[in-house]
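# Architecture and fold: a report
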Amino acid sequence: MKNLFAGTQSSDDIKEVYLESIEGQDEVKEFTLGKNTSSILFSDPKLLGFVAARHKFVAKMFDGFDKVLEIGCQEGFGSMLVAPSVKHLHSIDFYKPYIDSSKARFSDREINITFEAADVLNHIPGEGYQGIFALDVLEHIEKREEDKFMSNIVNALSEHGTCIIGMPSLESQQYASKASKIGHVNCKTGSDFKAFCLKYFHNVYSFSMNDEVLHTGYFPMSHYLFALCSSKR
């Protein structure tokens, strides 16, 4: 035990307690993040906190669901936050390198996530999903394709399924990075976002998020928007 700890002041008793608290840790294989996630970690790590908070919201809303679809999973970082709350999560992305990376990195893990390369504008693999969520996807869908995007989601949902869409607000774009602005071709105001979702669902509940804080505040001061949608039309 002596060689495991620095210094001499801490007692053997507290060291024993510490070792007991991390028992089994050495049996866990270290996990490698994907290239995009690693890049974010070293360039702007707080963004991973935002991603985690958004996916935690989904996990709470979908808690106990049997069959859930994630659209735009990237490298599966957020997927791992939702998976423990559902029976099975199928995660898709249209960028094949993300899916190839996820399949390789998760291959030796016992998880309830499957990964597949798919373009939601062509088709959504599977049907009868109890929950479907797409975070940071709609703003990348060209306006002329947004109805196809939502129609495909609605068709893949079960009769009483729930959908969560999350996207940065139009007002937030004055603070967005150069790279984000290039890809954000379809941001919306909170009111326009809700109106769009109401074309496809009878019930749309609006939430907002600033950094990691979820709220129901004033749309123009909301950096990020959520639409929780149910009762498809």
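Scroll up for the structure.
In short, a report on the structure. Being a predicted model, the structure only gives us computed values, none of them experimental.

### Quick notes on the pattern of salt bridges
Tallied over the full model, the rule gives nine salt bridges. We note a salt bridge from E146 to K188, for which the minimum N-O separation is 2.8 Å. Here E146, found in helix α6 (residues 146–156), pairs with K188, found in the loop between α7 (178–183) and α8 (190–198); they are 42 residues apart in sequence, far enough to count as distant. Taken as a pair, E146 and K188 share a single burial class, namely buried. Sharing partners across several salt bridges, the network here consists of K29, D108 and R109.

### A look at α8
By the burial criterion, the buried members of α8 are G190, F193, F196 and C197. Across the axial projection of α8, the buried residues extend over an arc of 125°, all falling on one side. Those residues of α8 that are buried lie in contact with α6, β5 (157–168), β6 (201–210) and β8 (224–232).

### Brief notes about unusual backbone geometry
Backbone geometry at Q74 places phi at a positive 50°, although glycine is not the residue there. Here Q74 falls in the partly exposed class, since its relative accessible area comes to 36%. A positive phi angle is found at D136, which is not glycine, with a value near 60°. Considering the arrangement of structural elements, one finds D136 in the loop between β4 (129–135) and α6. Judged by relative accessible area, D136 falls into the partly exposed class, the value being 30%.

### Quick word on the environment of K103
Inspection of the secondary structure puts K103 in helix α5 (residues 96–106). K103 sits 13 residues away from E116 along the chain, and the two C-alpha atoms are 8.6 Å apart.

### A look at the environment of S180
Tracing the backbone through its elements, the reader meets S180 in helix α7. Overall, the relative accessible area of 25% leaves S180 in the partly exposed class. Distance in space between the C-alpha atoms of S180 and T32 is 25 Å, their sequence separation being 148 residues.

### With respect to the sheet that holds strand β1 (residues 67–71)
With mixed pairing, eight strands are arranged side by side in an open sheet as β3-β2-β1-β4-β5-β8-β6-β7. Only two strands of the sheet have a single partner each, and these edge strands are β3 (113–117) and β7 (213–215). Within the sheet, the average angular offset between the axes of one strand and its neighbour, ignoring direction, is 20°. Note that β1 and strand β2 (residues 88–93) share five bridges and pair parallel. Each bridged residue has a counterpart across the sheet, and for E70 the counterpart in β2 is S91. Across the sheet, α5 touches β2 and β3, and the angle it forms with β3 is around 150°. Packing against the sheet, α8 makes contact with β5, β6 and β8, and its axis sits at approximately 150° to β6.

Thresholds, definitions, all that
Residues numbered from 1 in each chain as written. Predicted model: local features only at pLDDT ≥ 70, side-chain atom pairs only at ≥ 80, totals over all residues. Heavy atoms only, no water. Salt bridge = Lys/Arg side-chain N within 4 Å of Asp/Glu carboxyl O. Helix = DSSP H or I, 4+ residues; strand = E, 2+ residues; numbered from the N terminus. Buried < 20%, exposed > 50% of the residue type's maximum accessible area, 1.4 Å probe, protein only. Arc of directions from axis to C-beta. Contact = heavy atoms within 4.5 Å. Pairing = 2+ DSSP bridges. Axes fitted to C-alpha atoms, helices over the stretch in contact; angles between N-to-C directions.

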